[in-house]
Amino acid sequence: MIKVGINGYGTIGKRVADAVALQPDMEVVGVAKTRPNFEAETAVEKGYPLYAAIEERLPRFEEAGIEVAGGVEELVEAADVVVDACPSGIGAENKAMYEAYDTPALYQGGESADLVDVSFNARANYSEAADADHVRVVSCNTTGLSRLLAPLQETYGVKKARVTLVRRGGDPGQTGRGPINDILPNPVTLPSHHGPDVNTIFPDLNIDTLGMKVPATLMHTHSVNVQLEEVPTAEAVRDLLAGESRLFLVPERFDIDGAGKLKEYAMDRGRPRGDIWENCVWEESVSVEDDDLYLFQAIHQESDVVPENVDAVRAVLGAADADESIERTNDALGVGL
Ligand code: NAD
């Protein structure tokens, strides 16, 4: 069994812990938190050994009546691999600790690409993470774009991708984020950081991205235009995308008109926390005009990187090849709507 430690138990960390716990070849050796809040109590209830991310704060957990297994360094030592799901920038501060214990670490999209040996997406470049000590699972948006662009690139060749990302202002629990009542070009200048981030996975891809922020918490939405080398029919593109295990083609008959109904569907399907691990591509939006492909996709920012983190664990340890890992992860989680 692969022993996985999770440092940073917030939006991403708690989901990764639950996903790891479901894998037949992995166990959660512990999770580290900074504060004894509701998530700390839930972690203990789920049976995850809880470690104090900041050792001096150990007494605060004890005062709150929460049992703590030790300090974070003990967790790093006990783990075969650590998933660092701390807020942006904290992963970089933690790097020396992972190195000191010779424990490979997976960071999240909020960290800089320069921090790591390789940026990772299971569909696009799984094998590049083999034996790497520091791997960055790219952000929710870059994950969503990589999953879509990989099969298009392989099958038709991509001349140029142009994507406008309409981004949720914050996650449901991020009460301090916004805008509350505005529509922001964000950033106003081109490109948004997403295009260069996609280039950490596809170095030669020609891509321009524009970002906007809107008063929503549910999902991001991408308006995608990809100019292709070989021109397929829209039907052929739909078939290609339907064959990808982490793309969900939203059927016209479902009458799903936006992120609200997508989330409702996920909850009706009994998804934990209403999570949607797959890109949601509106089937009838897939159109080809001359050599331009157009489509809309929605990305659940809180959960699409979760299966990718699970695959990255196997990738760095050489525990499975890409196809085996993706299938194992998908089966254990129930990916595929
Ligand atoms: P979050 O704030 O929900 O969770 C981070 C957790 O880390 C919190 O519980 C916080 O208390 C804890 N923490 C803070 N300092 C710590 C420390 N020194 N040691 C250990 N834990 C510490 O953040 P999140 O949304 O889960 O984001 C985590 C990372 O994932 C970031 O890099 C982010 O960019 C990336 N990411 C976030 C999303 C998203 O939409 N939420 C999507 C993809 C990637």
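Residues numbered from 1 in each chain as written. Predicted model: local features only at pLDDT ≥ 70, side-chain atom pairs only at ≥ 80, totals over all residues. Heavy atoms only, no water.

Per an unreviewed UniProt entry, the protein chain goes by the name Glyceraldehyde-3-phosphate dehydrogenase and belongs to Halomarina ordinaria. What the UniProt record of the protein chain gives under Pathway (unreviewed entry) is the line "Carbohydrate degradation; glycolysis; pyruvate from D-glyceraldehyde 3-phosphate: step 1/5." Taken from UniProt, the Sequence similarities (unreviewed entry) comment for the protein chain reads in full: "Belongs to the glyceraldehyde-3-phosphate dehydrogenase family." (UniProt positions renumbered as here; feature names shortened; annotations may be inferred.)

**Q** Help me out: how do you make sense of the environment of Val313 in this one?
**A** By the element assignment, Val313 lies in helix H11 (residues 306–317). Residue Val313 is classed as buried on the basis of its relative accessible area of 0%. Separated by twelve residues in the primary sequence, Val313 and Ser325 place their C-alpha atoms 9.5 Å from one another. Discounting residues that sit within four places of it in the chain, Val313 has contacts with Ile2, Val4, Met26, Val81, Val83 and Leu106. (Helix = DSSP H or I, 4+ residues; strand = E, 2+ residues; numbered from the N terminus. Buried < 20%, exposed > 50% of the residue type's maximum accessible area, 1.4 Å probe, protein only. Contact = heavy atoms within 4.5 Å.)

**Q** Can you walk me through the site of the ligand in this structure?
**A** Taken together, 20 residues sit near the ligand, with Thr11, Ile12, Thr34, Arg168 and Asp171 positioned nearest. In the environment of the ligand, a nitrogen atom lies 2.6 Å from a nitrogen or oxygen atom belonging to the side chain of Asp171. Bound to the protein, the ligand loses 82% of the 830 Å² it would expose on its own. In terms of domain composition, the shell around the ligand takes at least three residues from each of domain 1 (2–138 + 305–333) and domain 2 (140–299). (Near = heavy atom within 4 Å. Polar contact = N/O pair within 3.5 Å; in protein donor to acceptor, adjacent residues only side chain to side chain. Areas by Shrake-Rupley, 256 points an atom, 1.4 Å probe, with all protein chains shown as cover. Domains from an automatic or database assignment.)

**Q** Honestly, the sheet that holds strand E5 (residues 81–84) in this entry has me stumped. Any pointers?
**A** Where strands meet in a sheet, backbone hydrogen bonds hold them as pairs that are either parallel or antiparallel. Pairing in this open sheet of eight strands is parallel, and the strands run E4-E3-E2-E1-E5-E6-E8-E7 from one edge to the other. The outermost strands of the open sheet, each flanked by one partner alone, are strand E4 (70–71) and strand E7 (118–120). Two strands pair when backbone bridges link them, and strand E1 (residues 2–7) and strand E2 (residues 26–33) are joined in this way by six bridges, in the parallel orientation. Of the residues in E2, the one forming a bridge with Ile2 is Met26. (Pairing = 2+ DSSP bridges.)

**Q** Just to check I follow, could you spell out the nonpolar core for this structure?
**A** Looking at soluble globular proteins, one finds that nonpolar side chains tend to be buried together. Counting residues in hydrophobic clusters, the biggest one holds 46 residues, and the most contacted among them are Val4, Ile6, Val31, Leu106, Phe120, Val135 and Val313. At six residues, H11 tops the list of elements feeding residues into this core. No fewer than three residues from each of domain 1 (2–138 + 305–333) and domain 2 (140–299) sit in this core. In this view, Phe120 contacts Asn125, Tyr126, Ala129, Val135, Arg136, Val137, Val138, Ile201, Glu308, Asp311, Ala312 and Ala315; residues no more than four positions away in its chain are not counted. Within the second largest apolar cluster, 27 residues are counted, among which are Leu148, Leu149, Leu165 and Leu228. (Core = buried A, V, L, I, M, F, W, Y, C linked by side-chain atoms within 4.5 Å.)

**Q** Got a minute to help me understand the packing of helix H7 (residues 140–155) against helix H9 (residues 234–242) in this structure?
**A** Packed helix pairs are characterised by how far apart their axes lie and by the angle those axes make with each other. Where H7 contacts H9, the axes come no closer than 10 Å and their chain directions differ by 125 degrees. In terms of orientation, H7 lies oblique with respect to H9. Of the two possible hands of crossing, H7 and H9 adopt the one that is right-handed. Here Leu148, Pro151, Leu152 and Thr155 of H7 come into contact with H9, specifically with Val237, Leu240 and Leu241. Of the residues contributing to the contact of H7 with H9, the split by class is six nonpolar, one polar and no charged. (Axes fitted to C-alpha atoms, helices over the stretch in contact; angles between N-to-C directions. Parallel < 35°, antiparallel > 145°, perpendicular 65-115°, else oblique. Left-handed = near helix turned anticlockwise from the far one by under 90°. Nonpolar A, V, L, I, M, F, W, Y, C, P; charged D, E, K, R; others polar.)

**Q** Help me understand the packing of helix H1 (residues 11–21) against H11 in this model?
**A** At a closest axis distance of 9 Å, the pairing of H1 and H11 adopts a crossing angle of 55 degrees. Classified by the angle their axes make, H1 and H11 are oblique. As H1 runs across H11, the sense of the crossing is right-handed. Two secondary-structure elements touch here, H1 through Arg15, Val16, Ala19 and Val20 and H11 through Val306, Asn309 and Val310. Residues that form the contact of H1 with H11 fall into these classes: five nonpolar, one polar and one charged.

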